Amino acid sequence: MKIILLGSKASMLINKIKATNDNFILIEEPLEDHMEILSDVDFLVSYGYRHVIRPKVLELFPNRAINLHIALLPWNKGADPNLWSFLENTPKGVTIHYIDEGLDTGYVISQKEMSFELHETLRTCYNKLSFEIEEMFGMVWAKIRSGEVHSYPQLAGGSYHRMIEKHKYEHLLTMGWDTPIIELIGKGL
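Within any chain, residue numbers begin from 1 and follow the written order of that chain's sequence. Confidence filtering applies because this is a predicted model: local features only for residues at pLDDT of at least 70, side-chain atom pairs given and counted only at 80 or more, and all residues used for totals across whole chains, interfaces and linings. Think of the side-chain values as coming from all heavy atoms in the structure, minus any hydrogens and water.

Q: Help me get a handle on the pairing of strand β1 (residues 2–6), residues and values and all.
A: β1 sits mainly inside the fold: four of its five residues count as buried. Relative to strand β2 (residues 23–27), β1 runs parallel, the two being bridged by five bridges. Bridge pairing links Lys2 to Asn23 in β2. In terms of strand pairing, β1 meets strand β3 (residues 43–47) through four bridges, oriented parallel. Opposite Leu5, over in β3, you have Val45 as the bridge partner. A simple rule labels every residue: compare its accessible area, found with a 1.4 Å probe on the protein chains alone, to the largest value its type can have, and call it buried under 20%, exposed over 50%, or partly exposed in between. Helix and strand assignments come from DSSP, with helices taken as H or I runs of at least 4 residues and strands as E runs of at least 2, each series counted from the N terminus. Strands pair, by our definition, only if DSSP identifies at least two bridges between them.

Q: Which residues make up the nonpolar core, and what are the values?
A: Val45, Ile66, Leu68, Ile96, Phe137, Trp141 and Ile144 are the most contacted members of the largest nonpolar core, which totals 37 residues. Those elements that place two or more of their residues in this core are β1, α1 (14–18), β3, β4 (65–69), α3 (81–87), β6 (92–98), β7 (108–114) and α4 (122–146). Residue contributions to this core peak at nine residues, all from α4. Contacts of Val45, omitting those with residues within four sequence positions, involve Ile3, Ile4, Leu5, Leu6, Leu13, Ile66, Leu68, Phe137 and Trp141. Ile27, Leu38, Leu44 and Leu58 belong to the second largest nonpolar core, which has 14 residues in total. Grouping buried Ala, Val, Leu, Ile, Met, Phe, Trp, Tyr and Cys residues that are joined through side-chain atoms within 4.5 Å yields what is termed a nonpolar core. Throughout, a residue-residue contact means that at least one pair of heavy atoms, one from each residue, lies within 4.5 Å.

Dropping the structure here:
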């Protein structure tokens, strides 16, 4: 299979992709700049990708475009999911889902709820979430690529955030990403 890995964090998946003898191309810029290579691609895998994948691209990959999101969807769709899970004290975890025309709204393939100790920081939580989703990907990739995976719709509700919304709360990040989570819990409610 030929896979396009989308995003700055997608390089962390390379060894898991290589283990299945799949070929891959790593892309961080907008995918629309690479339309000419899409015709012979089998799958899109997005992880840390900062661009919206347009419907004209998604039409080429029905049930063959997935996203790795460090949130327990439907909570914290969009930007900065780790931060918002503490600011709004919502469930925390990781989700692998199909990409649809919405933002982080596709059918769930796999997810896991996680909890953290109050002394942890945004950085340590982020690292744990990243590790967990990369491990999850390694466990489910073979079933995803073969079409044997079962998926289900997300629960109704949840939350969505844009990058610009973080600015209102940046003053709370007294130590940047090393800010203890106890200082943030519920401050965005």
